[in-house]
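Spelled out, the chains give:
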Amino acid sequence: MKRSLLISLSLSAILIFILVQVYLVHNIWEQKEEQLNFRYTALSREALASMMKRSGENGFEKSMTILDIFSDLIKQKELPNCKNSQDTLVLARQVMSEAGSIISKNETFTDYLKRYIGRQGYDTTFKTTIIVRKYEIFNSGIQQDAGEPEVKPGSTVFVNSFREERDNFVVEYDYLISLERRNTIVFREVFLSLSLILASIIIVLLVYWFTWRNLIEERRLSELKSDFINNMTHELKTPLSTITVAGRTLEMEQVSRNEEKVREMARMIGKQSIHLNQLINTILEVSLLEREQFSPDRKPVMIDELLHDISEAFTTSCNNEAVIKEDLQCGGNEVEADILYFTTMINNLLSNAVKYCDKEPVIELSSSIDARSVSIKITDNGIGIAREHISHVFDKFYRVPQGNIHKVKGLGLGLYYVKRIAEAHDGNVSVSSRPGKGTTFIINMPIK
Ligand code: ADP
């Protein structure tokens, strides 16, 4: 409950953080767009003033002269054809839009503006729009007033409003520009802030992910440790209680007089003491292998000979319960190995092959050699290891949790030792398995 609350809280915090960052980016973007509009309006007005100063006109002079002629023509030629006020209205609409295109086609301000803005080092790829708001031809009844134009904020930059009155007409129009590469320009300007915000989001997510992963790993380790303590207690208790019971039995008069019984009890005590001793040694070895400077006492050994001896001793120790098929191909080649640790390593793998087998164990022990290393392969016909556990089997205290944990005794240290010992011999160990079919362990060690 506490854990899930913590997760929801931290996830909400991250979500809020990301939303704030997105909101920030959005605001910065809008601000930059506004600044861009403002800059282009200011530049355009400067250009207009500069044009007026230089040539005494604003670049629309020619347009207005043509519009004046056009207005006169309308009055002379088109208007007489209008039979009623409806016809006049239709004509007024047509001439209003015609007026806009006459102004656009004949104005010279845009060229001047592009040169002016270009000289200042700003982008000159923009389109211009002229919107006629009011147009009236005197003494004709043609009069159109479109009111205020609808300018979409952000996309269009308003430059200026003009009003011109000539002999035949009066016109009011707005001059606007729209930047073709607006988004690219804004993006370039917000790039630094955008990258910083993105980096901060990535860092926060990474920190969260690492913390989360560490928490899970710590939890897994603590679970492993408590499993180990349970297993160890169980493992130690069994021989101890057998010894206690055997001791009590020996105290009984009818048993102590029976020589055969005494010998049996003594054998049992001896066997359980050896088992206890082995267990304690296994636990003590953890701290030895754990030490940084753990370095085995390596001597040149003939690998095949050693493997054969280990295999033979193992078969004898398990009363020929397991069949070991040897295929040793290293000939007389030697590796540098600490015989004691090397034997422990192979024994651990052989005894696992027997422990985790639900039929008669058949083990294949093979060795091969190439230019640089020897490879020792131990294949069994046991229960196998499921895919989700295979990457953990070499971890300290790790035991495959299902099925065999209660049936087969162990402390989850055997394969950890194998890995540590192989690495201490500058080698490595790998595993592959097919559940239900068997498992193969391969140890690679450099040759002498
Ligand atoms: P332990 O045998 O004490 O549990 P190990 O470190 O030797 O610890 O093995 C870790 C786990 O890997 C075991 O619990 C077992 O589930 C699995 N395992 C090891 N060897 C084999 C094998 N040959 N076949 C199937 N499972 C194996």
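Quick note: structure is the one above.
Heads up: these notes are all about the structure in this document. (Residues numbered from 1 in each chain as written. Predicted model: local features only at pLDDT ≥ 70, side-chain atom pairs only at ≥ 80, totals over all residues. Heavy atoms only, no water.)

Details of the overall build of the protein chain
At step 1: A tally of helices and strands in the protein chain yields twelve helices and eleven strands.
At step 2: Dimensions of the protein chain, computed from the C-alpha atoms along their principal axes, are close to 145 × 55 × 40 Å.
At step 3: For the protein chain, with 448 residues in total, the buried portion stands at 38%.
At step 4: Of the roughly 26700 Å² of accessible surface on the protein chain, a fraction of 55% belongs to carbon and sulfur atoms.
At step 5: Of the side-chain charges in the protein chain, 54 are positive and 58 negative, and the distance between the mean point of each set is 2 Å. (Helix = DSSP H or I, 4+ residues; strand = E, 2+ residues; numbered from the N terminus. Buried < 20%, exposed > 50% of the residue type's maximum accessible area, 1.4 Å probe, protein only. Areas by Shrake-Rupley, 256 points an atom, 1.4 Å probe, with all protein chains shown as cover. Lys, Arg positive; Asp, Glu negative; His and termini not counted. Charge placed at Lys NZ, Arg CZ, Asp CG, Glu CD.)

Side note on the site of the ligand
At step 1: Among the 19 residues in the neighbourhood of the ligand, the closest are listed as Asn352, Tyr356, Asp380, Arg399 and Leu415.
At step 2: At 3.2 Å, a backbone N or O of Gly414 approaches an oxygen atom of the ligand.
At step 3: Alone, the ligand offers 530 Å² of accessible surface; in the complex the protein occludes 98% of this.
At step 4: Broken down by secondary-structure element, the contributors of at least two residues to the shell around the ligand are helix H9 (339–355), helix H12 (414–424) and strand E11 (438–446).
At step 5: Partitioning the shell around the ligand into residue classes produces nine nonpolar, seven polar and three charged. (Near = heavy atom within 4 Å. Polar contact = N/O pair within 3.5 Å; in protein donor to acceptor, adjacent residues only side chain to side chain. Nonpolar A, V, L, I, M, F, W, Y, C, P; charged D, E, K, R; others polar.)

Let's talk about unusual backbone geometry
At step 1: With phi around 55 degrees, Asn139 is a residue other than glycine that occupies positive phi space.
At step 2: Among the structural elements, Asn139 can be located in the loop between strand E1 (126–137) and strand E2 (142–145).

Side note on the nonpolar core
At step 1: Counting residues in hydrophobic clusters, the biggest one holds 51 residues, and the most contacted among them are Phe342, Ile346 and Ile443.
At step 2: The element contributing the most residues to this core is H9, with eight residues.
At step 3: When neighbours within four sequence positions are excluded, Ile346 is seen to be in contact with Leu307, Ile310, Ile376, Ile378 and Ile443.
At step 4: Counting 43 residues, the second-largest nonpolar core is a separate cluster that includes Leu79, Phe126, Tyr135 and Val190. (Core = buried A, V, L, I, M, F, W, Y, C linked by side-chain atoms within 4.5 Å. Contact = heavy atoms within 4.5 Å.)

With respect to the packing of aromatic side chains
At step 1: Scanning the entire structure with this criterion turns up 13 aromatic pairs.
At step 2: Here Phe60 and Tyr175 contribute two aromatic rings whose centre-to-centre distance is 5.9 Å and whose plane-to-plane angle is 75 degrees, an arrangement assigned as edge-to-face. One end of the pair, Phe60, is in the loop between helix H1 (2–55) and helix H2 (61–78); the other, Tyr175, is in strand E4 (residues 169–179), with 115 residues separating them in the sequence. Here the two residues Phe60 and Tyr175 agree in accessibility, since each one is buried.
At step 3: Counting every residue linked through ring pairs, the aromatic cluster contains Phe60, Phe109, Phe162, Tyr173 and Tyr175. (Phe/Tyr/Trp six-rings, centres within 6.5 Å; stacked < 30°, edge-to-face > 60°.)

Section: the pattern of salt bridges
At step 1: Under the counting rule described, the total for this entry stands at 18 salt bridges.
At step 2: The residue Arg181 makes a salt bridge to Asp123 at a minimum N-O spacing of 2.5 Å. One end of the pair, Arg181, is in the loop between E4 and helix H5 (182–251); the other, Asp123, is in the loop between helix H4 (109–119) and E1, with 58 residues separating them in the sequence.
At step 3: The class for Arg181 is partly exposed, based on a relative accessible area of 35%.
At step 4: Across the salt bridge formed by Arg166 and Glu164, the nearest N and O atoms sit 3.5 Å from each other. (Salt bridge = Lys/Arg side-chain N within 4 Å of Asp/Glu carboxyl O.)

Some details on the sheet that holds E2
At step 1: Across the sheet, four strands lie side by side as E2-E1-E4-E3; this open sheet has antiparallel pairing. The open sheet has two free edges, formed respectively by E2 and strand E3 (157–165), since each of these has just one partner strand. Here the average twist between neighbouring strands, direction ignored, is 25 degrees.
At step 2: Summarising the sheet, E3 and E4 pair through eight bridges and their orientation is antiparallel. Directly across from Arg163, in E4, lies its bridge partner Glu172.
At step 3: Those strands touched by H2 are E1, E2, E3 and E4, and its axis lies near 130 degrees from that of E4. (Pairing = 2+ DSSP bridges. Axes fitted to C-alpha atoms, helices over the stretch in contact; angles between N-to-C directions.)

Observations regarding a nonpolar patch on the surface
At step 1: On the surface, a cluster of nonpolar side chains totalling about 500 Å² of accessible area is made up of Leu198, Ile202, Leu206, Trp209 and Phe210.
At step 2: Structurally, Leu206 is set in helix H5. (Patch = residues over 30% accessible without salt bridge, like charges linked within 9 Å, V, L, I, M, F, W, Y side chains within 5 Å.)

Comments concerning the environment of Asp72
At step 1: Relative to the assigned elements, Asp72 resides in helix H2.
At step 2: When the C-alpha positions of Asp72 and Trp212 are compared, they lie 81 Å apart, and in sequence the two are 140 residues distant.

As for the sheet that holds strand E9 (residues 373–379)
At step 1: Taking strand neighbours across the sheet as the criterion, the five strands line up as E6-E8-E9-E11-E10 in an open arrangement whose pairing is mixed. The sheet is open, and its two borders are formed by strand E6 (323–328) and strand E10 (428–434), each paired with just one other strand. Recorded for the sheet is a direction-independent mean angle of 15 degrees between the axes of neighbouring strands.
At step 2: Sheet topology places strand E8 (residues 362–369) next to E9; six bridges connect them, and they run antiparallel. Looking at E9, one finds that Ser368 is bridged to Ser375.
At step 3: Where helix H8 (residues 303–317) meets the sheet, its contacts fall on E6, E8 and E9, and the angle it forms with E6 comes to roughly 175 degrees.

Some thoughts on the packing of H5 against helix H7 (residues 259–290)
At step 1: Two elements in contact, H5 and H7, have axes whose closest approach is 9 Å; the angle formed by their N-to-C orientations is 160 degrees. By the angle between their axes, H5 is roughly antiparallel relative to H7. Considering the relative orientation of H5 and H7, their crossing is left-handed. Mapping the contact onto sequence places Phe228, Met232, Glu235, Leu236, Pro239, Leu240, Thr242, Ile243, Ala246, Gly247, Thr249 and Leu250 in H5 and Val262, Met265, Met268, Ile269, Gln272, Ser273, His275, Leu276, Leu279 and Ile283 in H7. (Parallel < 35°, antiparallel > 145°, perpendicular 65-115°, else oblique. Left-handed = near helix turned anticlockwise from the far one by under 90°.)

Brief notes about the pairing of E11
At step 1: The sheet contact formed by E9 and E11 spans seven bridges and is antiparallel. Across the sheet, Val374 pairs through a bridge with Met445, a residue of E11.
At step 2: In terms of strand pairing, E10 meets E11 through seven bridges, oriented antiparallel. Paired with Ser433 across the two strands is Thr439, which belongs to E11.
At step 3: Between E10 and E11, which pair antiparallel in sequence order, lie three residues; one of them, Gly436, sits at a positive phi of approximately 90 degrees.

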